[in-house]
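# Structural overview for review
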Amino acid sequence: MEKCTFGVRAGKFLGFYLTERGIEANPDKCRAFSEFPTPNDKKSIQVLNGMLTVLSRFVAKSAQHALPFFKPLLKEATFEWFEECEQALSHLKQVLSEPPVLTRPGNDEILYLYLAVSNEAISAALIQEAEDGQKPVYFTSKALQRPEYESRKALEAQALADFIAEMTSITSPPSAENKWTIYVDGASSNSGSGAGIILENDEGLIIEVSLVLLFTTSNNQAEYEAFLASLRLAEDVGSRQVKIYADSQLVASQVNGDYQTKNDTLVEYLALVKEKMKNFAKEEVEHIPQEHNSRADVLSKLASTRNKGGNKSVIQEILSKPSVDRSTSLIQVLAIRDDQCWMTHVYNFLTKDELPADAKEASTIKRRAYSYVIIENKLYR
């Protein structure tokens, strides 16, 4: 029996064809799928799904496209082939009539992971950048059953964390430090708000995120949202130490305690940042000039514009509501430490009816005081 063949330019392995171009789908199986007639009973749908499973690594978001095939299987009475089933079948047949050639990456090649998440399925594509464009390495997809359903955000974060954990465990032994350097930037304009985040570890693994904010924010709020999102991502990848560079002098200085925080909303953002930072063994925050934070700035601008789907080389996320919800804020106890603190003026106004001499500042204190109350000589919100 022949064990090995040498000198051939192509060969069959595990049902696929290994050629000089890369890994190719079995043309006989693709032809069989393309010529498969429209199903007329549940058995034929099961056969169709089985054929698609064999070829799924060559089809982007295969589980998402195959979801309509499950509808006829769920009906217990008469069999019915819906219009959306026929459309899905036509699309898959078209894809597999000219299936992509999967590339074989060499050592030290940079690969990009793309995630697509919906309520019904989760998909991933591993891509390699080449001089003549992007080359697919692998496609994988899975339909979600009801017990597996989680929010879109949780699924993306978990998929990202699992992938990074697997990759870092392969390339290096576990590190107690697991330090990540993070660059953040927030942007707010008439066309929208967004945040740009870049995370990089000591092994050179880089994660770029463009975060769309679906709510109205000031520039400072957008900067804080970027900061908080970076801390959440750092937690997701298992970081123990973080060094965060922010090009907002205000936010960096407030987090480090160099500036006082007078705006009520920013006070709550700062408190949330401080709480999140307790989850790390070590954290550093440093201001960086905007010209040295250009990539994060580009990502935030990308998220804050209306054309949000143009850049496919980054992870694009959506935040539908603010991290700080003023309408459901819990009662807070605020410590008054010195006479220069703005809280001291609120306290003095409520207890002694004292106001600063400056009329504008006095008006501000009166307006703020409506949100506070004195209970047992303590200032509560």
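Residues numbered from 1 in each chain as written. Predicted model: local features only at pLDDT ≥ 70, side-chain atom pairs only at ≥ 80, totals over all residues. Heavy atoms only, no water.

With that settled, consider the overall build of the protein. Within the protein, the regular secondary structure consists of 12 helices and 14 strands. Looking at the protein as a whole, 40% of its 381 residues are labelled buried. Sequence-distant contacts, at least 24 apart, represent 63% of the contacts inside the protein between residues at least 6 apart. Summed over all atoms, the accessible surface of the protein reaches about 22,100 Å², with 50% contributed by carbon and sulfur. (Helix = DSSP H or I, 4+ residues; strand = E, 2+ residues; numbered from the N terminus. Buried < 20%, exposed > 50% of the residue type's maximum accessible area, 1.4 Å probe, protein only. Contact = heavy atoms within 4.5 Å. Areas by Shrake-Rupley, 256 points an atom, 1.4 Å probe, with all protein chains shown as cover.)

Turning our attention to the packing of aromatic side chains. Following the criterion strictly, the structure yields 3 aromatic pairs and no others. Judged by centre distance (5.8 Å) and plane angle (20°), the ring pair of Phe 69 and Trp 81 falls under stacked. One end of the pair, Phe 69, is in the loop between helix 3 (62-66) and helix 4 (70-74); the other, Trp 81, is in the loop between helix 4 and helix 5 (83-97), and 12 residues separate them in sequence. For the residue pair Phe 69 and Trp 81, the accessibility class agrees, reading buried in each case. The lysine or arginine in question, Arg 57, covers the ring of Phe 58, its NZ or CZ lying 6.0 Å from the ring centre. (Phe/Tyr/Trp six-rings, centres within 6.5 Å; stacked < 30°, edge-to-face > 60°. Lys NZ or Arg CZ within 6 Å of the ring centre and 35° of its normal.)

Relative to the helices and strands, Ser 123 resides in strand 5 (residues 121-130). Accessibility expressed as a relative area gives 5% for Ser 123, which makes it buried. If we skip the residues at most four places from it in the chain, Ser 123 touches Lys 61, Tyr 114, Leu 115, Ala 116, Thr 140 and Ser 141.

Turning next to the nonpolar core. By size, the foremost hydrophobic cluster in this structure holds 36 residues, and its most contacted members are Phe 227 and Val 255. Of all the secondary structure elements, the ones that give two or more residues to this core are strand 7 (179-189), strand 8 (192-201), strand 9 (206-213), helix 7 (219-236), strand 10 (241-246), helix 8 (249-256) and helix 9 (264-277). Per-element accounting of this core gives the leading share, 9 residues, to helix 7. Among all residues touching Phe 227, those that are not within four sequence positions of it are Val 184, Ile 244, Val 251, Val 255, Val 273, Met 277 and Val 285. Residues Cys 30, Val 59, Leu 89 and Ala 125 belong to the second largest nonpolar core, which totals 26 residues. (Core = buried A, V, L, I, M, F, W, Y, C linked by side-chain atoms within 4.5 Å.)

Let us look at the sheet that holds strand 4 (residues 111-117). Here 3 strands make up an open sheet; going across it, the order is 4-5-6 and the pairing antiparallel. Edge positions in the sheet fall to strand 4 and strand 6 (133-143), since each has one partner strand and no second. With strand direction ignored, the average angle separating the axes of adjacent strands in the sheet is 20°. Bridge analysis of strand 5 against strand 6 gives 10 bridges, and the strand direction is antiparallel. Opposite Ser 123, over in strand 6, you have Ser 141 as the bridge partner. (Pairing = 2+ DSSP bridges. Axes fitted to C-alpha atoms, helices over the stretch in contact; angles between N-to-C directions.)

What follows deals with the confidence of the model for the protein. Scored by pLDDT, the protein has a mean of 77; 76% of the residues are at 70 or more. Low pLDDT (under 50) marks residues 147-155, which in the prediction has 11 contacts with non-local residues, meaning those over four places away or in another chain. (pLDDT = per-residue confidence, 0-100.)

As a further point, take the pairing of strand 5. Most of strand 5 is tucked away, with 8 of its 10 residues classed as buried. Note: strand 4 against strand 5, 7 bridges, orientation antiparallel. Residue pairing in the sheet places Val 117 in a bridge with Ile 122 of strand 5. Here strand 4 folds back onto strand 5 in antiparallel fashion, the turn holding 3 residues. As consecutive antiparallel partners, strand 5 and strand 6 are separated by 2 residues.

On to the environment of Glu 225, then. Position of Glu 225 among the secondary structure elements: in helix 7. Placed 14 residues apart in sequence, Glu 225 and Leu 211 show a C-alpha to C-alpha distance of 9.2 Å. Side chain to side chain, Glu 225 and Ser 323 meet in a polar contact 2.6 Å long. (Polar contact = N/O pair within 3.5 Å; in protein donor to acceptor, adjacent residues only side chain to side chain.)

So, about helix 12 (residues 359-369). Within the sequence span of helix 12, burial applies to Ala 362, Ile 365, Arg 368 and Ala 369. Axial view of helix 12: buried residues confined to an arc of 125°, hence all on one face. Those residues of helix 12 that are exposed and aimed more than 90 degrees away from the buried face are Ala 359, Lys 360 and Arg 367. (Arc of directions from axis to C-beta.)

This brings us to helix 7. The terminal C-alpha atoms of helix 7, which comprises 18 residues, lie 26 Å apart, in line with the 26 Å expected from a rise of 1.5 Å per residue. Of the residues trailing helix 7, Gly 238 is marked for its positive phi of about 80°. (Expected span 1.5 Å × (residues − 1).)

A few words on the pairing of strand 8. When you tally the buried positions in strand 8, you get 8 out of 10 residues, the bulk of the element. Here 10 bridges tie strand 7 to strand 8, and the two strands are oriented antiparallel to one another. Residue Val 184 lies in a different strand from strand 8, and its bridge partner there is Ile 197. Where strand 7 folds back on strand 8, the antiparallel hairpin that results is connected by 2 residues. Examined bridge by bridge, strand 8 and strand 9 share 8 bridges and lie antiparallel to one another. When the sheet's bridge partners are listed, Gly 194 is paired in strand 9 with Val 212. Between the end of strand 8 and the start of strand 9, which pair antiparallel, lie 4 residues, with Gly 204 showing a positive phi angle near 90°.

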